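# Architecture at a glance
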Amino acid sequence: MTHLYKSIPVRSSEITPKHEYFSRRDFIKATGLIAGSMALAACAPAMPAAAAKPLPTSDAKDDKGDTVNTFEDITNYNNYYEFTTDKQGVAGLAKDFKLSPWTVEVGGLVKKPKTFGIEDLTKKFTQEERIYRLRCVEAWSMVIPWSGFTLASLLKMVEPTSAAKYVRFETVYRPEEMPGQKSPFYPWPYQEGLRLDEAMNDLTFLATGLYGEPNVAQNGAPIRLVVPWKYGFKSIKSIVKIELVAKEPATMWKSIAANEYGFYANVNPAVDHPRWSQSTERRIGEFSRRSTLPFNGYGEQVAHLYKGMNLSKNY
Ligand code: MTE
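Scope of this entry: the structure provided in the associated data block. Note that the structure is a prediction, hence the values are computed from the model and not measured.

Right, let's get into the site of the ligand. Neighbouring the ligand are 16 residues; Tyr81, Glu82, Arg224, Ser235 and Lys237 lie closest to it. Measuring from an oxygen atom of the ligand, one finds a side-chain N or O atom of Lys237 at 2.7 Å. For the ligand, whose accessible area on its own is 540 Å², the fraction buried by protein is 98%. If you map the ligand onto the pockets, it falls in the second largest pocket. A breakdown of the residues in the shell around the ligand according to their chemical character gives seven nonpolar, six polar and three charged.

Shown next, in the form of structure tokens:
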């Protein structure tokens, strides 16, 4: 197998640090360029220059040459039903969510079960940066610069037994802080799962950081899964439990509507959702739609995992 994906991890130096961005903004402001560019951006909401808050930015690109989305887009357009189903409302509702103390229990069919404090996880495992495309099942997408470590490195440490065939993940359950968890419509806590070989693939990532800084609550801090070749709902946020199991675990969206959301959920432009086409997507920040790629463009790294499987049946 070629190691093309090694171009996906980026050095932190490629992501513009906040302070550099701030000074660039200051420079632009000082030279009066902001006023000019605001006038040109007819669609931008009117905002007095003084109230404009500088945000981190980056010119970094993914392995297909696509530029990363802005920090503002990534942190203000979220799916996180524990807070609300309103994508633009998550950031506000999550701003007081307690990120520490936090532990992740890793157990089930393993030789060395262990509960990790979040600080152990960021210290014990080699932290890397990865720019990944996120393709939501709702047909929008973004390019996100994460930092974190591979799920494989964590799983190797607990030593799965030969009976372990799947990995099950669980989100924290705190209805007092997460108003959406009071809705009886959803089977809380949010759960997800992967086959063990999918979990061990080098692309499968546990993200603890975003844009070179610690991740923020609305994007699943302090630790969330990122599986870039699958629809976004597999990338479960704010994980407290990881369990190695023998059978395919129940997953949140499959248990609500199995005909619409399968266990595999590999991005597949050839298999439509029963209510909409999956052949194209809207990249947040772009005007025209773009074609959706099989496995979200990561086929070279993962297609072999599904050899001989009927992907229209195992959607
Ligand atoms: N994880 C939890 N716990 N709750 C959620 O509602 N939404 C999923 C996924 N992980 C979700 C979740 C969906 S549908 C998507 S598209 C991604 O998170 C969105 O991630 P983002 O908000 O960081 O872009």
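Once that is clear, we can look at unusual backbone geometry. Between Trp188 and Pro189 the backbone carries a cis peptide bond, its omega angle lying at -5 degrees. Its place among the elements puts Pro189 in the loop between strand S5 (166-171) and strand S6 (191-195). Omega for the peptide link from Ala221 to Pro222 comes to 5 degrees, which places this bond in the cis form. Along the chain, Pro222 falls in the loop between strand S8 (213-214) and strand S9 (224-226). For Ala139, which is not glycine, the phi dihedral falls at a positive 75 degrees. Non-glycine residue Ser238 carries a positive phi angle of around 35 degrees. Mapped onto the elements, Ser238 comes out in the loop between S9 and strand S10 (239-245).

Taken as a whole, this structure holds 21 salt bridges when the rule is applied. Among the salt bridges present, the one from Asp62 reaches Arg133, with a minimum N-O distance of 2.8 Å. Taken together, the residues span a long stretch of sequence, with Asp62 in the loop between helix H2 (33-40) and helix H3 (71-76) and Arg133 in strand S3 (residues 128-135) at a distance of 71 residues. The class for Arg133 is buried, based on a relative accessible area of 3%. Between Glu170 and Arg168 there is a salt bridge, with its nearest N and O atoms 2.7 Å apart. Residue Glu170 is classed as buried on the basis of its relative accessible area of 16%. Residue Arg168 is classed as buried on the basis of its relative accessible area of 13%.

In this structure the tally under the stated criterion is 20 aromatic pairs. Note on Phe263 and Tyr264: the rings are 5.4 Å apart at their centroids and 90 degrees apart in plane angle, and the pair reads as edge-to-face. Taken individually, Phe263 and Tyr264 each receive the classification buried, so the pair is uniform in this respect. In this arrangement the basic side chain of Arg133 is found over the ring face of Tyr298, its NZ or CZ atom lying 4.2 Å from the centre.

Further remarks concern helix H6 (residues 151-158). Turning to H6, its buried residues are Leu151, Ala152, Leu154, Leu155 and Val158. Buried residues of H6, seen end-on, are gathered within an arc of 160 degrees and therefore sit on one face of the element. Downstream of H6 by a residue or two, Glu159 has a phi angle that is positive, lying close to 55 degrees.

Below, the discussion takes up the pairing of strand S7 (residues 205-210). In terms of burial, S7 is a largely internal element, six of the six residues being buried. As judged from the five bridges shared by strand S4 (residues 140-150) and S7, these two strands associate in the antiparallel manner. Paired with Ser147 across the strands is Gly209, a residue of S7. Sheet topology places S7 next to S9; three bridges connect them, and they run antiparallel.

Once that is clear, we can look at the layout of surface pockets. As a volume, the second largest pocket reaches approximately 460 Å³. Along the walls of the second largest pocket sit 27 residues, with Asn79, Tyr80, Tyr190, Gly232 and Phe233 positioned nearest its centre. Considering each element in turn, the lining of the second largest pocket owes the most residues, four residues, to S4. Across the lining of the second largest pocket, the residue classes break down as 17 nonpolar, six polar and four charged.

Quick look at the nonpolar core now. The tendency in soluble globular proteins is for nonpolar side chains to be buried as a group. Counting 79 residues, the largest nonpolar core has Leu151, Leu154 and Ile242 as its most contacted members. Counting residues per element, this core draws most heavily on S4, which supplies six residues. Residues within four places of Ile242 in sequence aside, it is in contact with Val104, Glu105, Val106, Gly107, Leu151, Leu154, Leu155, Val167, Arg168 and Phe169.

What follows is about the pairing of strand S1 (residues 103-108). On any regular strand, side chains alternate: one points to one face of the sheet, the next to the other face. Relative to strand S2 (residues 114-117), S1 runs antiparallel, the two being bridged by four bridges. Paired with Val106 across the strands is Lys114, a residue of S2. Connecting S1 to the antiparallel partner S2 that follows it, the hairpin turn spans five residues. Bridge count for S1 against S10 is four bridges, and the pairing is parallel. When the bridges of S10 are listed, Val106 appears paired with Ile242.

Cut-offs and rules
Residues numbered from 1 in each chain as written. Predicted model: local features only at pLDDT ≥ 70, side-chain atom pairs only at ≥ 80, totals over all residues. Heavy atoms only, no water. Near = heavy atom within 4 Å. Polar contact = N/O pair within 3.5 Å; in protein donor to acceptor, adjacent residues only side chain to side chain. Areas by Shrake-Rupley, 256 points an atom, 1.4 Å probe, with all protein chains shown as cover. 1 Å grid on protein atoms, 1.4 Å probe; cavity = no way out; pocket = protein on both sides within 12 Å on 5 of 7 lines; lining within 4 Å. Sits in = over half its atoms within 2 Å of the grid points. Nonpolar A, V, L, I, M, F, W, Y, C, P; charged D, E, K, R; others polar. Helix = DSSP H or I, 4+ residues; strand = E, 2+ residues; numbered from the N terminus. Salt bridge = Lys/Arg side-chain N within 4 Å of Asp/Glu carboxyl O. Buried < 20%, exposed > 50% of the residue type's maximum accessible area, 1.4 Å probe, protein only. Phe/Tyr/Trp six-rings, centres within 6.5 Å; stacked < 30°, edge-to-face > 60°. Lys NZ or Arg CZ within 6 Å of the ring centre and 35° of its normal. Arc of directions from axis to C-beta. Pairing = 2+ DSSP bridges. Points joined across faces, edges and corners; volume = space filled by probe spheres on them. Core = buried A, V, L, I, M, F, W, Y, C linked by side-chain atoms within 4.5 Å. Contact = heavy atoms within 4.5 Å.

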